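Structural overview for review
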Amino acid sequence: MSLWGGRFESGPGETLWAYTTDDSDRRLLADDVAGSMAHVRMLGDTGILADVDVSTLLGGLETIQSEAAGGVFEFSDEDEDVHSAVERRLFELVGDPAGRLHTARSRNDQVALDMRLYTRRAADERIDQLHDFALALAEIAEGHATTVVPSYTHLQQAQPTTLGHHLLAYAWMSVRDAERFAGALSRTDVSPLGAGASAGTSLPIDPEAIARDMGMSGVFENSLDAVGSRDHLAEYVFCCAQAMVNLSRLAEEVILWATPEFGRARLGDNVSTGSSALPHKRNPDIAELVRGRAARVTGLLAAMMTLQKGLPLAYNRDLQEDKRLVFEADDALAGSLAAMVELLRQTEFLGVAPSVETASLDLAEALVARGVPFREAHNALGNLVLSLETQGRNLLEATAEDLVSAHPDLVEADLGLIDPATSVQRRMSAGGGSPESVHTQVSDLRRRITSP
């Protein structure tokens, strides 16, 4: 069934039908029915529809709603889209009154509402998932608040820190990802219904009543913008893409850590795979697929942006493609978050002692505390590391004489600063890598997630 055709002498050709119909919007069934019910109630309240028609239509839509919830709604190959499927089924249930459903409405504002309802619901689900992911990381981090590991810059060992501190960096990224979805949600939660095909309607509709009925925070300001813009969907895909990129960074680190060269993680049997040729292999497939799917979602964002480029107002059929892009990005993030939580919980994380040279900054800061300019202290410690290196020694093997020769303000007691574990304990600055900071961050993160 199509919702048009009166001015045509014949029906659509096979080529047209095959190329232009799209069954991806079937997942909008519940949203389409909910929007239709709110629309019918508004038509009744404004007197556009008689009470008997409102009662009949709502009864039929409630049946469709139940069929959708029970997974027994039957689509037909002749349904052009989800909207025509609902109206076709409504005709089957209530007869001619179904022809009044589309009063003061167009598929243009109808699908715009459906997608806003979908992304509003999906955003809430992703926020919950991202919070769960952050809390899972926080739980693991708390257990590794004193596990000393090197931090890296340029993939070279930088400073000693703790594994808990490292994992919390990703937890905070996840919190921000959730906040991005929440911000996007505020711009999505606007009803476009009442915009019509492009320029509204002459009938005395009440768009604000529909918005209130749907629990939406506002209504459109401009009908052309309401049906012709998809920036809110592009923003949703961006939120998915950024979250996937952040996941891919952690995935890459898990992949590296699980190698014998790094030796910082052991993947559980339930979250790793073997090789068809190499008996000894334990492969991090989940992490690799997350990394790969992040690339795909980034591509979907590019497609979503390009889809809008150069489109004249208002609605154009190009915008039919937006649904597949949003659904695929959303599905990829939902699945990746679920898989990564399980991967983290089934992975044994291990501490690996940092290079002793990573404590060189502690010696430099000891000089700074004694009034030495940092650049002078930096040069002195750099020269000390170089001198020891040329002698085949490392910083841990330095003597009091080595320290004094590097700078007269260094003393024998400073040898105690060279231990990376001591270095970590001294990192007391806010948000730093000390065990105390890890516990503080975990508490702050949990409070941020649970506070209203």
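Summarised in this report is the structure supplied together with it. Nothing here was measured: the structure is a model prediction, and the numbers come from that model.

We now examine the overall build of the chain. Helix and strand counts for the chain come out as 16 helices and six strands. Once the C-alpha set of the chain is aligned to its principal axes, its extents read approximately 100 × 55 × 40 Å. The buried share of the chain, taken over its 452 residues, is 48%. Nonlocal contacts in the chain, meaning residues at least 24 apart in sequence, comprise 77% of its contacts between residues at least 6 apart. Just so you have it, the chain exposes about 21200 Å², and 51% of that area is on carbon and sulfur atoms. Considering the chain, the positive charge centre built from 39 side chains and the negative charge centre built from 67 side chains are found 1 Å apart.

What follows concerns the pairing of strand E2 (residues 156–162). For a regular strand, side chains alternate in direction, first toward one face of the sheet and then toward the other. Taken together, the five bridges between strand E1 (residues 148–153) and E2 define a ladder with antiparallel strand orientation. Looking across to E2, one finds that Pro150 is bridged to Pro160. Turn length for the E1-E2 hairpin, with the two strands adjacent in sequence and antiparallel, is two residues, and the turn residue His154 shows positive phi of about 60 degrees.

The subject of this paragraph is the packing of aromatic side chains. Applying the stated criterion across every chain, the model contains five aromatic pairs. Note on Tyr118 and Phe327: the rings are 4.9 Å apart at their centroids and 70 degrees apart in plane angle, and the pair reads as edge-to-face. A residue pair is termed long-range when its members are at least 10 positions apart, and Tyr118 in helix H5 (residues 107–143) and Phe327 in helix H11 (residues 322–345) qualify at 209 residues. Each member of the pair, Tyr118 as well as Phe327, carries the same accessibility label: buried. Ring centres of Phe181 and Tyr236 lie 5.2 Å apart, and the angle between their planes is 70 degrees; on these two criteria the pair is classed as edge-to-face. Here Tyr236 lies in helix H9 (residues 231–257) and Phe181 lies in helix H6 (residues 163–188), a separation of 55 residues in the sequence. Per residue, the accessibility class of Phe181 equals that of Tyr236, and both read buried. Looking at Arg27, its charged tip hangs above the ring of Phe327, at a distance of 4.4 Å from the centre.

Along the chain, the position of Glu67 falls in helix H3 (residues 51–69). Overall, the relative accessible area of 13% leaves Glu67 in the buried class. With residues up to four places along the chain from it excluded, the contact list for Glu67 reads Val72, Phe73 and Arg89.

Let us look at the pattern of salt bridges. Here the idea is simple: oppositely charged side chains can pair when their charged atoms come close. A full pass over the atoms with the stated rule returns 30 salt bridges. A salt bridge links Arg447 to Asp444; its shortest N-O distance comes to 2.4 Å. Linking Arg447 with Asp444, this pair stays in helix H16 (residues 435–450), spanning three residues, or about one helical turn. Judged by its relative accessible area of 31%, Asp444 is partly exposed.

It is the contact of H6 with H16, at a shortest axis distance of 11 Å, that shows an interaxial angle of 15 degrees. The angle between H6 and H16 falls in the class roughly parallel. Pair H6 / H16 crosses with left-handed handedness. Facing Gly164, His165, Leu168, Ala171, Trp172, Val175 and Glu179 of H6, the residues of H16 in contact are Val438, Gln441, Val442, Asp444, Leu445, Arg448 and Ile449. Its residues assigned to classes, the contact of H6 with H16 comprises eight nonpolar, three polar and three charged.

Next up on the list: helix H13 (residues 374–390). Between its first and last C-alpha atoms H13 spans 24 Å; for 17 residues at 1.5 Å apiece the expected length is 24 Å, and the two agree. Among all positions in H13, only Ala377, Ala380, Leu381, Leu384 and Leu388 are buried. Angularly, the buried residues of H13 cover 90 degrees about the axis, an arc narrow enough to put them on a single face. Along H13, exposed side chains directed more than 90 degrees from the buried face belong to Asn383, Glu389 and Thr390. Those residues of H13 that are buried lie in contact with helix H12 (360–369) and helix H14 (400–406). Phi for Gly392, located one or two positions after H13, is positive at around 75 degrees.

For the bond from Leu313 to Ala314, the omega torsion is 5 degrees, close enough to zero to count as cis. Along the chain, Ala314 falls in the loop between helix H10 (285–308) and H11. Residues other than glycine seldom take positive phi values, yet Ala104 does so here, at roughly 60 degrees. By relative accessible area, which is 15% here, Ala104 ends up buried. Residue His154 is not a glycine yet carries a positive backbone phi of 60 degrees. Structurally, His154 can be placed in the loop between E1 and E2. Overall, the relative accessible area of 76% leaves His154 in the exposed class.

About the thresholds
- Position numbers for residues start from 1 in each chain and track the written sequence from start to end.
- This being a predicted model, a pLDDT of at least 70 is required before a residue's local features are given, and a value of 80 or more before pairs of side-chain atoms are given or counted; all residues contribute to the totals for chains, interfaces and linings.
- Processing note: side-chain calculations cover all non-hydrogen atoms of the structure and skip hydrogens and water entirely.
- In this description a helix means any DSSP run of H or I spanning at least four residues, a strand means any run of E spanning at least two, and both kinds are numbered starting from the N terminus.
- For every residue, the accessible area obtained with a 1.4 Å probe (protein chains only) is divided by the maximum for its type, and the residue is called buried under 20%, exposed over 50%, and partly exposed between those limits.
- Should any heavy atoms of two residues lie within 4.5 Å, those residues are considered in contact.
- Here, Shrake-Rupley sampling with a 1.4 Å probe gives the accessible areas, and only protein chains in the shown set may cover a residue.
- By the counting scheme adopted, Arg and Lys are positive, Glu and Asp are negative, and His together with the chain ends is not counted.
- Lys charges are placed at NZ, Arg charges at CZ, Asp charges at CG and Glu charges at CD.
- Here, strands pair whenever DSSP counts at least two bridges between them.
- Aromatic pairing here means that ring centres of Phe, Tyr or Trp (its six-membered ring) are within 6.5 Å. Orientation follows from the plane angle: under 30 degrees is stacked, over 60 is edge-to-face, and everything else is tilted.
- The rule for a charge over a ring is simple: NZ of Lys or CZ of Arg within 6 Å of the ring centre, and within 35 degrees of the ring normal.
- Put simply, a salt bridge is a Lys or Arg side-chain nitrogen that is within 4 Å of an Asp or Glu carboxyl oxygen.
- Axis lines are fitted to C-alpha atoms, over the contacting stretch for helices. Their N-to-C directions set the angle, which ranges from 0 to 180 degrees.
- Here is the rule for angles: anything less than 35 degrees is roughly parallel, anything more than 145 is roughly antiparallel, 65 through 115 is roughly perpendicular, and the remaining ranges are oblique.
- The sense of a crossing depends on the near helix, which, turned anticlockwise from the far helix by less than a right angle, makes the crossing left-handed and, turned clockwise, makes it right-handed.
- When residues are grouped by polarity, Ala, Val, Leu, Ile, Met, Phe, Trp, Tyr, Cys and Pro land in nonpolar, Asp, Glu, Lys and Arg in charged, and all others, Gly among them, in polar.
- Helix span, expected: 1.5 Å multiplied by one less than the number of residues in the helix.
- This arc is taken over the directions from the axis of the helix to the C-beta atoms.

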